[in-house]
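Single-letter residue listing:
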Amino acid sequence: MCIRKFFYALPYRCARRLRILHHAWNRSSHLIMWRNYMSCPYKAVILDMGGVLLPSPYKLAADWEIRNHVRPGTIKQALISGGGNRPWLRYMRGELEPAEFLREFGRQCSEIANASVPVDSFLSDLTSNLMSGQLPVMTEAIKCIRAEGLKTAVLSNNFYLSNGESFLPLDRKQFDVIIESCREGMCKPDPQIYKVCLERLGVQAKESIFLDDIGQNLKAAAQLGMKTLKVDDPNSAIRELETHLGFPLQRFVPYTCSVRPAMEIPREPLQKYLESLLGALTDGPLVLRQFSHGQSNPTYYIRFGDHHLVLRKKPPGKLLPSAHAVEREYRVLKALAEAGVPVPKVLTVCEDSSIIGTPFYLMDYCTGRIFKDPSLPGLEPNQRREIYSAMNKVLCKIHSVDIKAAGLETYGKHGNYIQRQVQTWSKQYRATETHTIPAMERLLEWLPSHLPAHERLSVVHGDFRLDNLIFHPENPEVVSVLDWELSTLGDPLSDVAYNCLAYYLPSHFHILKGLSDCDLSQLGIPTAEAYFQMYCDHMAMPPVKNWNFYMAFSFFRVAAILQGVYKRSLTGQASSATAESSGKQAEFMADLAWDFATKEGFRVFKELPDARPPARPFSTWANPGGFPRRSYSTGASSGSADAAKSHLIVSPDGLPRRVQELHQKLKEFMGAHIYPAEQVLRDHQASQSRWTPHPLVEKLKDKAKSEGLWNLFLPLESDPDMKYGAGLTNLEYAHLCELMGTSVYASEVFNCSAPDTGNMEVLVRYGTGAQKERWLQPLLDGKIRSCFAMTEPQVASSDATNIEASITEEKGVYLLNGHKWWISGSLDPRCQLCIFMGKTDPAAPRHKQQSMLLVPMDTPGITVTRPLTVYGMDDAPAGHGEITFENVRVPQENILLGPGRGFEIAQGRLGPGRIHHCMRLIGFAERALALMKERVISRTAFGKPLAEQGTIRADLAKSRIEIEQARLLVLKAAHLMDTVGNKGPPSTEKSTVLGGVQPSGGWHSLARKVFRPSCPHLKTR
């Protein structure tokens, strides 16, 4: 998709800003896009390995035979003779192990040579380093081919080595498709293997060129309609390939391709201008190539004799007066270079449009490394750390430029930068709105009322990210900052926030690769928090409290841009696939923006001296038209007239689009997989093998994980970076939890069952890095289960300060002693972790006596004495165990948060879990009510259906009222937890609500349905 024309139709300020994602948006598609401009009739180049990419094995065989005194031609004859079942072909098809091949191939060669032939020595030479180096001329040609947008593939008769891996000494990243005979079970010249290659490339035979050094392989390809080229000499083959493709395959310049026809510039007047500028005639032709970035202002690479330059110009066609101001770029580059910022050296600006059709400027071509992937593959952890540090320092250098001394005082407006940006992008979004995006509606209301009270003023780059930097070829040093088209004067924190977008995007996000699913500590990359702190340290400034606002604004701006792209694509100027993709990505970015706005709301509330919600801070939304537009209360200031209007979402229809989609996927999964499995699992729970988990549960867990229905429970407040969970608020997850509650087996399938959920949240909130690695990750992966040992038979354990179990310190370990019961999950054979609560200091203040430790369940001294039952049911295989701890020794590093912090952890663990339990019970009550309604319709008593009996109808109505009442109370409690937090006076109200729902609304309704005399068969667990 090309969106450049879209920019011309917009006001210049919007056009300039839309370039923010222009490079990233087109990076994944620019190769395909440029193919539309090329006259080349081919879409793919397919290459053999040996004899094309690597040295010829036949030449090696000839040299080897001379060195080993083997009859000349023996190896080649063995390779090509013997029919389809000869050892070499069977080895290539993966039918023979290496040892079997050597035995049979050795016998064949010995028969040909009439003497013993050491074929193991030949195979060793064939796979040696001397034969494993790709020919440089081919490496450069492949780079040129891919730069022009053609696909590349390897199609090789290949074999497995003794270690089980195939012999493929190539950089796989060079190729879109790799076809190896040993993996496919077929060899060239079998026509089927060519068809497989073409199918995976997605091209027709006539759209491909095939290079091989064996005639019969080429003949088979030609019969399918492929263009073929025989390789006897690699250099000659490359020259011939150039004639077919129509572009050069030598002197590759990274990130460039041939100039698109629509972007051609007159070379003769440009050459004369360069001769005049450089002061001398230059030997050799003028080489002109176009860069893959710089599509708004076309950018070209020039080689003119010994000079390597970059030309950047206005695009052709009619432009708005101030649009695409290359003169402005020249001005800032020149000023920044003089101020010591590493930017390309500018040579001159030419405003005479008669030279090449538009104004342009010239600068030196900078060589070095450009990193497209923020995870920096191929580097060591310390090197990655240095790269990020260097990026941070150069951003600080930009923001430290003295505007007045640099002559840039008039480079942009002074003050209210963020306000103007919010207004601009809000108008832009409204102008391109195609449907309601709930998160954008909330942001449009939230952002203007939370603008920064103070802004610094500096030069801002506007598009500062890793792939706009050129690093020294060897050292972690930025030698040049590129792409200054969006630069102006503004708030420098907007640059920092934009620079941090990648931290919150997944690595597979095609617009801009991210880091959210990467292990940053293992990679050696600083976290977003550490990176921002590094910036503050370099700038000698205190940490910024409203950092989440800047992140929310940055994602909001990106969402507005993508919505503009989506609207443009709907007019027919982009494929429907691209249109659908950009629309969803706009919503994804908006949801991320709102996540940060929510975090900022948490921060504001926690800092208020008396953060209480306004009276009745919710609405139940009776409006049937459109999406409800909800915004969380963030309490910008006490008693403010603009206090945020919090809305309570009571229906899944009002959830953000992303959560609605999760809810729908969950509903479909329940119908397709959970409900049909219930009878099997019920039967298993009544069988002798009930203490062994049913394999069906594990299969369903794998399926749920593959569909993204996994670890949905972690609240956004505990996991603000969405490193571990789905990033849902308590209110959003409550709706999903109700759906899961319709089946007692569902929550485990989605890895959302207690006590694992609470234990995982404890580890997320309070665990050390080592504790998370050992226990949290296996729990998140569903590989193990856990229990929580708090309740004791001798005391009322609902009051955590009553706990009597002891934890004493002894020679580097803690010694645990105590008696626990109703420890859910402790009998499950997969239970490997127990979070144990006991007293470390009985003399300390009442709420500082307790501590929590992570105890492996196989630690000596732990005895599960019996399973406890509820109404005769033991809830196998998890069960509720009675456990004794006798002199259980646990390393001191297993303590959570520190001695005396157990009560604090217990309170932090409590809130979300109660929401989960209540909503599951409400979901189960809903299902029971549905069953009851089916039953009373189908049964007749006293001459009429039960549904027409007055008492039955009264019970149905009362059940409906109680369920609705309970649901609203729980949803309100979840909403308060999201907007106010778990602490403070509202917690008392929430605890009362949650404590009352479980024994009241849900249970009474269930009891009415389960035990009603007319419906005795409905008694289920």
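Residues numbered from 1 in each chain as written. Predicted model: local features only at pLDDT ≥ 70, side-chain atom pairs only at ≥ 80, totals over all residues. Heavy atoms only, no water.

**Student:** Could you clarify how one ought to interpret the overall build of the chain in this entry?
**Tutor:** Summing up its helical and strand segments, the chain has 33 helices and 24 strands in all. Of the contacts formed within the chain by residues at least 6 apart in sequence, a portion of 72% connects residues at least 24 apart. Summed over all atoms, the accessible surface of the chain reaches about 43,100 Å², with 52% contributed by carbon and sulfur. (Helix = DSSP H or I, 4+ residues; strand = E, 2+ residues; numbered from the N terminus. Contact = heavy atoms within 4.5 Å. Areas by Shrake-Rupley, 256 points an atom, 1.4 Å probe, with all protein chains shown as cover.)

**Student:** How should I be thinking about the packing of helix α8 (residues 98-113) against helix α9 (residues 119-126) in this particular structure?
**Tutor:** Each packed pair of helices is defined by two parameters, the angle between the axes and the distance between the axes. Where α8 contacts α9, the two axes come as close as 9 Å, and the packing angle between them is 115°. Between α8 and α9, the angle falls in the class roughly perpendicular. Contacts from Leu102, Phe105, Gly106 and Cys109 of α8 reach α9 at Val119, Asp120, Phe122 and Leu123. (Axes fitted to C-alpha atoms, helices over the stretch in contact; angles between N-to-C directions. Parallel < 35°, antiparallel > 145°, perpendicular 65-115°, else oblique.)

**Student:** Sorry, what's going on with the pattern of salt bridges here?
**Tutor:** A side chain with one charge may pair with a side chain of the opposite charge, provided their charged atoms come close. By the definition in use, this model includes 47 salt bridges. Note that lysine 272 is salt-bridged to glutamate 268, the shortest N-O span being 3.7 Å. Here glutamate 268 and lysine 272 lie together in helix α15 (residues 267-278), a separation of 4 residues that amounts to about one turn. The class of lysine 272 is exposed, set by a relative accessible area of 53%. You can call glutamate 268 exposed: its relative accessible area is 55%. The residue arginine 960 makes a salt bridge to glutamate 926 at a minimum N-O spacing of 2.9 Å. (Salt bridge = Lys/Arg side-chain N within 4 Å of Asp/Glu carboxyl O. Buried < 20%, exposed > 50% of the residue type's maximum accessible area, 1.4 Å probe, protein only.)

**Student:** Mind showing me how you'd approach the packing of helix α25 (residues 657-685) against helix α27 (residues 730-740) here?
**Tutor:** Interhelical geometry of α25 versus α27 gives an angle of 10° and a closest axis separation of 10 Å. Here α25 lies roughly parallel to α27, going by the angle between them. Contact residues: Val659, Leu662, His663, Leu666, Lys667 and Met670 in α25; Glu732, His735, Leu736, Leu739 and Met740 in α27. The residue makeup of the contact of α25 with α27, split by class, is 7 nonpolar, 2 polar and 2 charged. (Nonpolar A, V, L, I, M, F, W, Y, C, P; charged D, E, K, R; others polar.)

**Student:** Mind showing me how you'd approach the sheet that holds strand β2 (residues 151-156) here?
**Tutor:** Adjacent strands of a sheet pair through backbone hydrogen bonds, lying either parallel or antiparallel. Taken in spatial order, the 5 strands make up an open sheet running β3-β2-β1-β4-β5, and their pairing is parallel. Edge positions in the sheet fall to β3 (177-180) and β5 (227-230), since each of these pairs with one other strand and no more. Neighbour-to-neighbour, the strand axes of the sheet open up by a mean angle of 20°, direction not taken into account. Bridging between strand β1 (residues 44-47) and strand β4 (residues 208-212) involves 4 bridges; their strand directions are parallel. Each bridged residue has a counterpart across the sheet, and for leucine 47 the counterpart in β4 is leucine 211. Most of the contacts of helix α10 (residues 136-147) go to β2, to which it runs at about 135°, and overall it touches β1 and β2. (Pairing = 2+ DSSP bridges.)

**Student:** Help me understand the side chain of asparagine 158, please; the structure alone is not making it clear to me.
**Tutor:** Tracing the backbone through its elements, the reader meets asparagine 158 in the loop between β2 and β3. Asparagine 158 gets classed as buried once you look at its relative accessible area, which sits at 1%. At 2.6 Å, the side chain of asparagine 158 forms a polar contact with the backbone oxygen of phenylalanine 167. Non-local contacts of asparagine 158, meaning those with residues more than four positions away in its chain, are made with Met49, Tyr91, Met92, Ser166, Phe167, Leu168, Glu180, Ser181 and Cys182. (Polar contact = N/O pair within 3.5 Å; in protein donor to acceptor, adjacent residues only side chain to side chain.)

**Student:** Help me out: how do you make sense of the packing of aromatic side chains in this one?
**Tutor:** In this description, an aromatic ring pair is defined by two values, namely the gap between the centres and the angle between the planes. A complete count under the given rule lists 29 aromatic pairs for this structure. Taking 5.9 Å as the distance between ring centres and 10° as the angle between the ring planes, the aromatic pair formed by phenylalanine 555 and phenylalanine 596 counts as stacked. Of this pair, phenylalanine 555 sits in helix α23 (residues 547-573) while phenylalanine 596 sits in helix α24 (residues 576-607), and the two are 41 residues apart along the sequence. Of the residues examined, phenylalanine 596 reaches a relative accessible area of 3% and is grouped as buried. Measuring from centroid to centroid gives 6.3 Å for tryptophan 821 and tryptophan 822, while their planes differ by 55°, and the two rings are tilted. You can call tryptophan 822 partly exposed: its relative accessible area is 34%. Through successive ring pairs, a cluster of aromatic residues spans Trp88, Tyr91, Phe101, Phe105, Phe159 and Phe167. The ring of tyrosine 58 has lysine 76 lying over it, and the distance from NZ or CZ to the ring centre is 5.2 Å. For lysine 599, the ring lying beneath its charged end belongs to phenylalanine 596, and the centroid distance is 3.8 Å. (Phe/Tyr/Trp six-rings, centres within 6.5 Å; stacked < 30°, edge-to-face > 60°. Lys NZ or Arg CZ within 6 Å of the ring centre and 35° of its normal.)

**Student:** Just to check I follow, could you spell out the sheet that holds strand β11 (residues 360-364) for this structure?
**Tutor:** The 6 strands are arranged β6-β7-β8-β9-β11-β10 in an open sheet whose pairing can be described as antiparallel. Each edge of the open sheet is held by one strand with a lone partner, namely β6 (256-257) and β10 (346-350). Where strand β7 (residues 286-291) lies against strand β8 (residues 299-304), 5 bridges are found, and the strand directions are antiparallel. Bridge pairing in β8 links leucine 288 to isoleucine 302.

**Student:** Please explain helix α20 (residues 492-499) as it appears in this structure.
**Tutor:** For an α-helix the count is 3.6 residues per turn, leaving residues at separations of three or four pointing the same way. Burial within α20 is extensive, with 8 of its 8 residues counted as buried. Those residues of α20 that fall on the buried side of the exposure criterion are Pro492, Leu493, Ser494, Asp495, Val496, Ala497, Tyr498 and Asn499. The backbone nitrogen of leucine 493 has a side-chain oxygen 3.0 Å away, supplied by the residue at the start of α20, namely aspartate 491.

**Student:** How do you make sense of the pairing of β4 when you look at a structure like this?
**Tutor:** Walk down a regular strand and you will see the side chains alternate between the two sheet faces. Taken across its 5 residues, β4 has 5 buried, putting it largely inside the fold. Every second residue of β4 is oriented toward a common face, with Ser208, Phe210 and Asp212 on one face and Ile209 and Leu211 on the other, all of them buried. Bridge count for β4 against β5 is 4 bridges, and the pairing is parallel. Directly across from aspartate 212, in β5, lies its bridge partner lysine 230.

**Student:** Whenever I open this one, unusual backbone geometry confuses me. Can you help?
**Tutor:** The phi torsion of most residues other than glycine is negative, and most of the peptide bonds are trans. A cis geometry characterises the amide bond from alanine 754 onward to proline 755, with omega recorded as 0°. Residue placement: proline 755 occurs in the loop between α28 (746-749) and α29 (756-766). Along the chain, alanine 876 connects to proline 877 via a cis peptide bond; the corresponding omega equals 0°. By secondary structure assignment, the location of proline 877 is in the loop between β21 (862-867) and β22 (880-891). Despite not being glycine, aspartate 483 has its phi angle at roughly 65°, a positive value.

**Student:** Any chance you could explain the environment of arginine 690 here in plain terms?
**Tutor:** Here arginine 690 lies in the loop between α25 and α26 (695-706). For the pair formed by arginine 690 and alanine 876, sequence separation is 186 residues and the distance between their alpha carbons is 5.7 Å. Contact partners of arginine 690, with chain neighbours within four places excluded, come to His684, Gln685, Asp874, Ala876 and Pro877.

**Student:** It is not clear to me how the nonpolar core should be interpreted in this structure. Could you clarify?
**Tutor:** Tyr503 and Phe555 are the most contacted members of the largest nonpolar core, which has 99 residues in total. Looking at which element gives the most residues to this core, the answer is α23, with 13 residues. In this structure, tyrosine 503 is in contact with Tyr388, Leu515, Ser516, Leu520, Ile525, Pro526, Thr527, Ala528 and Tyr531, ignoring residues within four places of it in sequence. Judged by nonpolar contacts, the second largest core, of 91 residues, contains Leu700, Leu779, Phe885 and Ile952. (Core = buried A, V, L, I, M, F, W, Y, C linked by side-chain atoms within 4.5 Å.)

**Student:** Even after reading the chapter, I still don't get a nonpolar patch on the surface, so can you show me in this structure?
**Tutor:** A surface patch of nonpolar side chains, about 430 Å² in accessible area, is lined by Trp822, Val870, Tyr871 and Met873. In this fold, tyrosine 871 is placed in the loop between β21 and β22. (Patch = residues over 30% accessible without salt bridge, like charges linked within 9 Å, V, L, I, M, F, W, Y side chains within 5 Å.)

**Student:** Before we go on, may I ask you to explain the confidence of the model for the chain in this structure?
**Tutor:** Detailed conclusions should not be drawn from predicted coordinates in areas where pLDDT is low. Across the chain, the average pLDDT comes to 84, with 85% of residues at or above 70. The model gives residues 984-992 a pLDDT under 50, and that stretch makes 12 contacts with residues more than four places away or in other chains. Across residues 1010-1021 the pLDDT falls below 50, and counting only partners more than four positions away or on other chains, this stretch makes 27 contacts in the model. (pLDDT = per-residue confidence, 0-100.)

**Student:** Help me out: how do you make sense of the environment of glycine 564 in this one?
**Tutor:** Summarising the element assignment, glycine 564 is placed in helix α23. Between the C-alpha atom of glycine 564 and that of alanine 431, which follows or precedes it by 133 residues, the distance is 8.2 Å.

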